[in-house]
Amino acid sequence: RAIFRPRTFQRARSRLPVQMLLLAGILLSSACASTPSLSAINQSLVMKFEQGGLIAKETERGVVVYLPSLMFDFESADLSPLAIDKIIFIAKISNQGSVAKRAIQVEGHTDAYGGDEYNMHLSRARAEAAAEVLTDYSIAPGRIQTAWFGRSRPLVPNRFSDGKDNPQGRAANRRVEFVLLNP
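No experiment lies behind these values; they were computed from the predicted model shown.

Asker: For this particular structure, what's the right way to read the packing of helix 3 (residues 81-94) against helix 4 (residues 116-136)?
Answerer: Two packed helices can be described by the angle between their axes and the distance between those axes. In the contact formed by helix 3 and helix 4, the axes pass within 9 Å of each other and the chain directions differ by 55°. One way to sum up the angle between helix 3 and helix 4 is to call them oblique. For the pair helix 3 and helix 4, the sense of crossing is right-handed. Note on element contacts: helix 4 touches helix 3 through Ala130, Val133 and Leu134, opposite Ile84, Ile87, Ile88, Ile90 and Ala91. Here the contact of helix 3 with helix 4 is built from residues that sort into eight nonpolar, no polar and no charged.

See the structure below:
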């Protein structure tokens, strides 16, 4: 038979919230100490991609990955074997740890030659070709978003300041970028 002692009960009840708060604080601080920040995770991703021969940078959207070797031929959406290898590398890195839950936006671009409608169609074909390789190498289709920008977002000028054609600039603008979006 239990004996109810109001004084003991009152003392135990008043200590309980303090003890619970202390325990919650300890658990929270240890969880924060062991969980890397988003910026730390992104910087680690940048390093991994750069070690694989890619160009990557952290932005407010996430980690943007450029493939220096993934410049398309003029009026083409065909991927070279080297480009496919680099995309497979992106897929492998993108399926590791907490990054495996992030959406990946694949963005297609063109140079400035041709009409707007044609360039939008071509940049879409480029983004979809790269996205298809990602799905072929274990990236869930639901994680992939495609976007196409035609000639609206050049990396470098398509023409020199004197108005002459810049073939290297145009080649650099025929590209696909991958963005591992921040959660």
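Asker: Is there a simple way to explain the nonpolar core in this structure?
Answerer: One broad rule of soluble globular proteins: the nonpolar side chains tend to lie buried together. The biggest cluster of nonpolar side chains holds 29 residues, and the ones touching the most others in it are Phe49, Val65, Val106, Leu134 and Phe178. Of all the secondary structure elements, the ones that give two or more residues to this core are helix 2 (38-51), strand 2 (62-71), helix 3, strand 3 (104-108), helix 4 and strand 5 (175-181). Here this core takes six residues from helix 3, the largest share from any one element.

Asker: Where do I start with the packing of aromatic side chains in this structure?
Answerer: By convention here, two paired aromatic rings are described through the distance between centres and the angle between planes. On inspection of all chains with the given rule, the structure shows two aromatic pairs. Aromatic side chains Phe49 and Phe89 sit 6.4 Å apart centroid to centroid with 75° between the ring planes, which places their arrangement in the edge-to-face category. Remark: Phe89 occurs in helix 3 and Phe49 occurs in helix 2; sequence separation between them is 40 residues. Residue Phe49 is classed as buried on the basis of its relative accessible area of 0%. Of the residues examined, Phe89 reaches a relative accessible area of 25% and is grouped as partly exposed.

Thresholds, definitions, all that
- Residues numbered from 1 in each chain as written.
- Predicted model: local features only at pLDDT ≥ 70, side-chain atom pairs only at ≥ 80, totals over all residues.
- Heavy atoms only, no water.
- Axes fitted to C-alpha atoms, helices over the stretch in contact; angles between N-to-C directions.
- Helix = DSSP H or I, 4+ residues; strand = E, 2+ residues; numbered from the N terminus.
- Parallel < 35°, antiparallel > 145°, perpendicular 65-115°, else oblique.
- Left-handed = near helix turned anticlockwise from the far one by under 90°.
- Contact = heavy atoms within 4.5 Å.
- Nonpolar A, V, L, I, M, F, W, Y, C, P; charged D, E, K, R; others polar.
- Core = buried A, V, L, I, M, F, W, Y, C linked by side-chain atoms within 4.5 Å.
- Buried < 20%, exposed > 50% of the residue type's maximum accessible area, 1.4 Å probe, protein only.
- Phe/Tyr/Trp six-rings, centres within 6.5 Å; stacked < 30°, edge-to-face > 60°.

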